[in-house]
Amino acid sequence: MENESKHKLVIIVGSVREGRFGPVAGAWVAEQARLYGGFEVDVVDLADIEIPLALPADSPRSAGDTYPRPAGMAALTSALVGADAFIVVTPEYNHSYPASLKAAIDWHYSQWTAKPVAFVSYGSVAGGRHAVLHLENVFTELHAVTIRDGLAFPNYYLSWRDGRPLDPEAAGYAKTMLDQLAWWTSALRSAREAAPYPA
Ligand SMILES: Cc1cc2nc3c(=O)[nH]c(=O)nc-3n(C[C@H](O)[C@H](O)[C@H](O)COP(=O)(O)O)c2cc1C
(Lines give C-alpha, C1' and ligand atoms only; values in the text may rest on other atoms or scores of the structure.)
Protein backbone atom coordinates (compact mmCIF):
# COMPACT_ATOMS: atom_id res chain seq x y z
CA MET A 1 0.00 0.00 0.00
CA GLU A 2 1.17 3.52 -0.83
CA ASN A 3 2.75 5.22 2.18
CA GLU A 4 1.86 8.70 3.32
CA SER A 5 5.08 10.42 2.21
CA LYS A 6 4.81 13.21 -0.35
CA HIS A 7 5.30 12.31 -3.97
CA LYS A 8 8.66 13.41 -5.31
CA LEU A 9 8.39 15.62 -8.38
CA VAL A 10 11.56 16.31 -10.37
CA ILE A 11 11.42 19.28 -12.74
CA ILE A 12 14.07 18.98 -15.42
CA VAL A 13 15.39 22.14 -17.10
CA GLY A 14 16.36 20.74 -20.49
CA SER A 15 18.39 23.48 -22.18
CA VAL A 16 22.02 24.28 -21.40
CA ARG A 17 22.63 27.08 -23.92
CA GLU A 18 24.43 30.25 -22.88
CA GLY A 19 21.82 32.94 -22.13
CA ARG A 20 19.02 30.39 -22.07
CA PHE A 21 15.47 31.00 -20.91
CA GLY A 22 15.08 27.50 -19.43
CA PRO A 23 15.80 28.36 -15.76
CA VAL A 24 13.22 31.19 -15.83
CA ALA A 25 10.53 28.81 -17.07
CA GLY A 26 11.72 26.10 -14.67
CA ALA A 27 11.50 28.42 -11.65
CA TRP A 28 7.94 29.45 -12.51
CA VAL A 29 6.88 25.83 -13.02
CA ALA A 30 8.45 24.90 -9.66
CA GLU A 31 6.54 27.74 -7.99
CA GLN A 32 3.26 26.48 -9.50
CA ALA A 33 3.99 22.93 -8.31
CA ARG A 34 4.83 24.12 -4.78
CA LEU A 35 1.67 26.22 -4.62
CA TYR A 36 -0.31 23.23 -5.85
CA GLY A 37 0.93 21.14 -2.93
CA GLY A 38 1.22 17.40 -2.45
CA PHE A 39 4.60 17.18 -4.13
CA GLU A 40 8.13 17.45 -2.80
CA VAL A 41 9.60 19.53 -5.63
CA ASP A 42 13.19 19.32 -6.84
CA VAL A 43 14.55 21.25 -9.85
CA VAL A 44 17.37 19.61 -11.80
CA ASP A 45 19.11 21.93 -14.24
CA LEU A 46 20.94 19.93 -16.90
CA ALA A 47 23.53 22.73 -17.15
CA ASP A 48 24.76 21.58 -13.71
CA ILE A 49 25.20 17.98 -14.82
CA GLU A 50 28.04 16.27 -16.67
CA ILE A 51 26.35 14.67 -19.69
CA PRO A 52 28.83 13.24 -22.23
CA LEU A 53 27.47 12.42 -25.67
CA ALA A 54 29.55 9.22 -25.88
CA LEU A 55 27.69 6.39 -24.15
CA PRO A 56 29.28 3.21 -22.73
CA ALA A 57 29.23 0.04 -24.85
CA ASP A 58 26.30 -1.62 -23.06
CA SER A 59 22.85 -0.12 -22.96
CA PRO A 60 21.55 1.25 -19.64
CA ARG A 61 18.66 -1.16 -20.01
CA SER A 62 20.85 -4.28 -19.95
CA ALA A 63 23.50 -2.94 -17.54
CA GLY A 64 21.02 -1.84 -14.87
CA ASP A 65 22.60 -0.50 -11.68
CA THR A 66 26.12 -1.29 -12.92
CA TYR A 67 25.89 1.21 -15.78
CA PRO A 68 29.12 3.25 -15.65
CA ARG A 69 27.99 6.87 -15.44
CA PRO A 70 30.36 9.79 -14.85
CA ALA A 71 30.65 11.12 -11.29
CA GLY A 72 29.24 14.46 -12.43
CA MET A 73 25.98 12.76 -13.42
CA ALA A 74 25.29 11.29 -9.98
CA ALA A 75 22.95 14.10 -8.86
CA LEU A 76 20.79 13.61 -11.94
CA THR A 77 20.69 9.81 -11.63
CA SER A 78 19.78 9.86 -7.95
CA ALA A 79 17.06 12.47 -8.60
CA LEU A 80 15.59 10.29 -11.35
CA VAL A 81 15.75 7.15 -9.19
CA GLY A 82 13.93 8.87 -6.32
CA ALA A 83 11.33 10.59 -8.49
CA ASP A 84 7.67 9.63 -8.58
CA ALA A 85 6.92 12.13 -11.36
CA PHE A 86 8.63 14.44 -13.81
CA ILE A 87 7.95 17.75 -15.51
CA VAL A 88 10.27 18.34 -18.45
CA VAL A 89 10.80 22.01 -19.29
CA THR A 90 11.98 22.18 -22.86
CA PRO A 91 12.55 24.66 -25.66
CA GLU A 92 12.23 23.79 -29.31
CA TYR A 93 15.43 23.49 -31.35
CA ASN A 94 14.97 22.84 -35.07
CA HIS A 95 11.54 21.29 -34.61
CA SER A 96 12.66 19.05 -31.77
CA TYR A 97 14.11 19.25 -28.27
CA PRO A 98 17.72 20.01 -27.27
CA ALA A 99 20.53 17.46 -27.52
CA SER A 100 21.26 17.97 -23.80
CA LEU A 101 17.87 16.54 -22.96
CA LYS A 102 18.23 13.58 -25.32
CA ALA A 103 21.63 12.72 -23.86
CA ALA A 104 20.31 12.95 -20.28
CA ILE A 105 17.40 10.68 -21.21
CA ASP A 106 19.57 8.13 -23.02
CA TRP A 107 22.01 7.73 -20.10
CA HIS A 108 19.10 6.24 -18.11
CA TYR A 109 16.39 3.66 -18.64
CA SER A 110 14.69 2.04 -15.63
CA GLN A 111 14.67 5.39 -13.82
CA TRP A 112 11.86 6.52 -16.15
CA THR A 113 9.85 3.30 -16.12
CA ALA A 114 6.20 3.39 -15.03
CA LYS A 115 6.43 7.05 -13.99
CA PRO A 116 4.44 10.01 -15.34
CA VAL A 117 6.03 12.81 -17.37
CA ALA A 118 4.41 16.20 -18.03
CA PHE A 119 5.78 18.88 -20.36
CA VAL A 120 6.17 22.64 -20.32
CA SER A 121 7.56 23.99 -23.57
CA TYR A 122 8.47 27.29 -25.11
CA GLY A 123 10.04 28.62 -28.27
CA SER A 124 9.35 30.89 -31.17
CA VAL A 125 6.17 30.47 -33.16
CA ALA A 126 5.82 26.74 -32.47
CA GLY A 127 6.05 27.17 -28.69
CA GLY A 128 7.81 23.84 -28.35
CA ARG A 129 4.96 21.83 -29.88
CA HIS A 130 7.29 19.71 -32.03
CA ALA A 131 9.70 19.20 -29.12
CA VAL A 132 6.90 17.77 -26.99
CA LEU A 133 5.58 15.52 -29.77
CA HIS A 134 9.06 14.01 -30.11
CA LEU A 135 9.49 13.66 -26.35
CA GLU A 136 6.18 11.83 -26.06
CA ASN A 137 7.51 9.24 -28.52
CA VAL A 138 10.78 8.87 -26.66
CA PHE A 139 9.19 8.48 -23.23
CA THR A 140 6.80 5.84 -24.52
CA GLU A 141 9.84 3.77 -25.51
CA LEU A 142 11.04 4.09 -21.90
CA HIS A 143 7.73 2.82 -20.47
CA ALA A 144 6.93 6.22 -19.01
CA VAL A 145 3.40 7.66 -19.11
CA THR A 146 3.06 11.06 -20.74
CA ILE A 147 0.49 13.56 -19.49
CA ARG A 148 -1.90 14.93 -22.06
CA ASP A 149 -2.24 18.52 -20.86
CA GLY A 150 0.90 20.59 -20.64
CA LEU A 151 1.80 24.22 -21.21
CA ALA A 152 3.28 25.69 -24.38
CA PHE A 153 4.56 29.24 -24.65
CA PRO A 154 5.01 30.52 -28.22
CA ASN A 155 7.17 33.62 -28.60
CA TYR A 156 8.02 33.49 -24.91
CA TYR A 157 10.10 36.69 -25.25
CA LEU A 158 6.80 38.54 -25.84
CA SER A 159 4.57 36.50 -23.56
CA TRP A 160 6.65 36.57 -20.35
CA ARG A 161 7.70 39.50 -18.20
CA ASP A 162 9.70 39.51 -14.95
CA GLY A 163 9.89 35.73 -14.84
CA ARG A 164 6.17 35.12 -15.28
CA PRO A 165 3.79 34.50 -18.18
CA LEU A 166 1.58 37.48 -19.02
CA ASP A 167 -1.37 35.20 -19.81
CA PRO A 168 -3.62 35.31 -16.73
CA GLU A 169 -4.83 31.80 -17.61
CA ALA A 170 -1.34 30.28 -17.33
CA ALA A 171 -1.62 29.32 -13.65
CA GLY A 172 -4.95 27.64 -14.43
CA TYR A 173 -3.35 25.62 -17.23
CA ALA A 174 -0.59 24.64 -14.81
CA LYS A 175 -3.18 23.45 -12.32
CA THR A 176 -4.87 21.31 -14.98
CA MET A 177 -1.51 19.73 -15.84
CA LEU A 178 -0.71 19.18 -12.15
CA ASP A 179 -4.15 17.64 -11.49
CA GLN A 180 -3.50 15.06 -14.21
CA LEU A 181 0.12 14.55 -13.13
CA ALA A 182 -0.90 14.06 -9.48
CA TRP A 183 -3.52 11.48 -10.45
CA TRP A 184 -1.05 9.47 -12.52
CA THR A 185 1.67 9.86 -9.91
CA SER A 186 -0.52 8.33 -7.26
CA ALA A 187 -1.86 5.60 -9.54
CA LEU A 188 1.55 4.59 -10.84
CA ARG A 189 3.25 4.67 -7.45
CA SER A 190 0.58 2.37 -6.04
CA ALA A 191 0.97 0.10 -9.06
CA ARG A 192 4.80 0.02 -8.76
CA GLU A 193 4.48 -0.84 -5.08
CA ALA A 194 1.90 -3.55 -5.75
CA ALA A 195 3.79 -5.43 -8.43
CA PRO A 196 6.95 -5.08 -10.51
CA TYR A 197 6.35 -3.51 -13.90
CA PRO A 198 6.71 -6.17 -16.63
CA ALA A 199 9.56 -4.63 -18.64
C1 LIG B 1 19.49 25.91 -32.44
C2 LIG B 1 18.15 26.55 -32.26
C3 LIG B 1 17.09 26.11 -33.02
C4 LIG B 1 15.81 26.66 -32.83
N5 LIG B 1 14.76 26.16 -33.52
C6 LIG B 1 13.49 26.55 -33.21
C7 LIG B 1 12.37 25.92 -33.81
O8 LIG B 1 12.49 25.02 -34.62
N9 LIG B 1 11.12 26.34 -33.45
C10 LIG B 1 10.93 27.34 -32.52
O11 LIG B 1 9.77 27.66 -32.21
N12 LIG B 1 11.99 27.98 -31.95
C13 LIG B 1 13.26 27.59 -32.27
N14 LIG B 1 14.35 28.19 -31.66
C15 LIG B 1 14.10 29.26 -30.74
C16 LIG B 1 14.20 28.73 -29.32
O17 LIG B 1 13.08 27.98 -28.97
C18 LIG B 1 14.39 29.88 -28.35
O19 LIG B 1 15.60 30.52 -28.70
C20 LIG B 1 14.49 29.41 -26.92
O21 LIG B 1 14.83 30.50 -26.12
C22 LIG B 1 15.57 28.37 -26.71
O23 LIG B 1 15.53 27.89 -25.39
P24 LIG B 1 16.68 28.26 -24.35
O25 LIG B 1 16.73 29.78 -24.29
O26 LIG B 1 16.25 27.65 -23.05
O27 LIG B 1 17.95 27.69 -24.91
C28 LIG B 1 15.62 27.68 -31.87
C29 LIG B 1 16.73 28.13 -31.13
C30 LIG B 1 17.97 27.56 -31.31
C31 LIG B 1 19.11 28.03 -30.44
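For clarity, every value in this text was computed on a predicted model and none was experimentally measured.

1. Let's talk about the overall build of the protein
Secondary structure assignment for the protein yields 7 helices and 8 strands. Taking 16 Å as the expected radius of gyration for a compact globule of 199 residues, we find that the protein reaches 16 Å, a close match to that expectation. Its C-alpha atoms put the protein at 45 × 40 × 25 Å along the principal axes. For the protein, with 199 residues in total, the buried portion stands at 36%. In the protein, the share of contacts with a sequence separation of at least 24, taken over all contacts with a separation of at least 6, comes to 79%.

2. Observations concerning the UniProt feature "domain: NADPH-dependent FMN reductase-like" (unreviewed entry) in the protein
Residues given the UniProt feature "domain: NADPH-dependent FMN reductase-like" (unreviewed entry) here are residues 8-155. Here residues 8-155 is 33% helix and 22% strand, with 31 Å between the C-alpha atoms at its ends.

3. As for the nonpolar core
Ile11, Ile87 and Val89 are the most contacted members of the largest nonpolar core, which totals 48 residues. Ranked by the residues each element gives to this core, the list is headed by helix α7 (residues 170-194), at 7 residues. Setting aside residues no more than four positions away along its own chain, valine 89 makes contact with Ile11, Ile12, Val13, Gly14, Gly22, Ala25, Gly26, Val29 and Val120.

4. Concerning the site of the ligand
In the neighbourhood of the ligand, 14 residues make up the surrounding shell, with Ser15, Arg20, Pro91, Gly123 and Ser124 lying closest. Counted by class, the shell around the ligand contains 5 nonpolar, 6 polar and 3 charged residues.

5. Overview of the confidence of the model for the protein
When pLDDT is averaged along the protein, the result is 96; 98% of the residues meet or exceed 70. Looking over the protein, one finds the lowest element-wise mean pLDDT in helix α2 (residues 60-63), namely 92, and the highest in strand β3 (residues 85-91), namely 99.

6. Concerning helix α4 (residues 99-106)
For α4, the complete set of buried residues consists of Ser100, Leu101, Ala104 and Ile105. End-on view of α4: buried residues confined to an arc of 130°, all on one side of the axis. For α4, the secondary structure elements touched by its buried residues are α3 (74-82), β3 and α5 (129-141).

What counts, and where the lines are drawn
- Residues numbered from 1 in each chain as written.
- Predicted model: local features only at pLDDT ≥ 70, side-chain atom pairs only at ≥ 80, totals over all residues.
- Helix = DSSP H or I, 4+ residues; strand = E, 2+ residues; numbered from the N terminus.
- Rg over C-alpha atoms; globule rule 2.2 N^0.38 Å.
- Buried ≥ 20, exposed ≤ 12 C-beta atoms within 10 Å, placed from the backbone.
- Contact = placed C-beta atoms within 7 Å.
- UniProt positions renumbered as here; feature names shortened; annotations may be inferred.
- Core = buried A, V, L, I, M, F, W, Y, C linked by C-beta atoms within 7 Å.
- Near = placed C-beta within 6 Å.
- Nonpolar A, V, L, I, M, F, W, Y, C, P; charged D, E, K, R; others polar.
- pLDDT = per-residue confidence, 0-100.
- Arc of directions from axis to C-beta.

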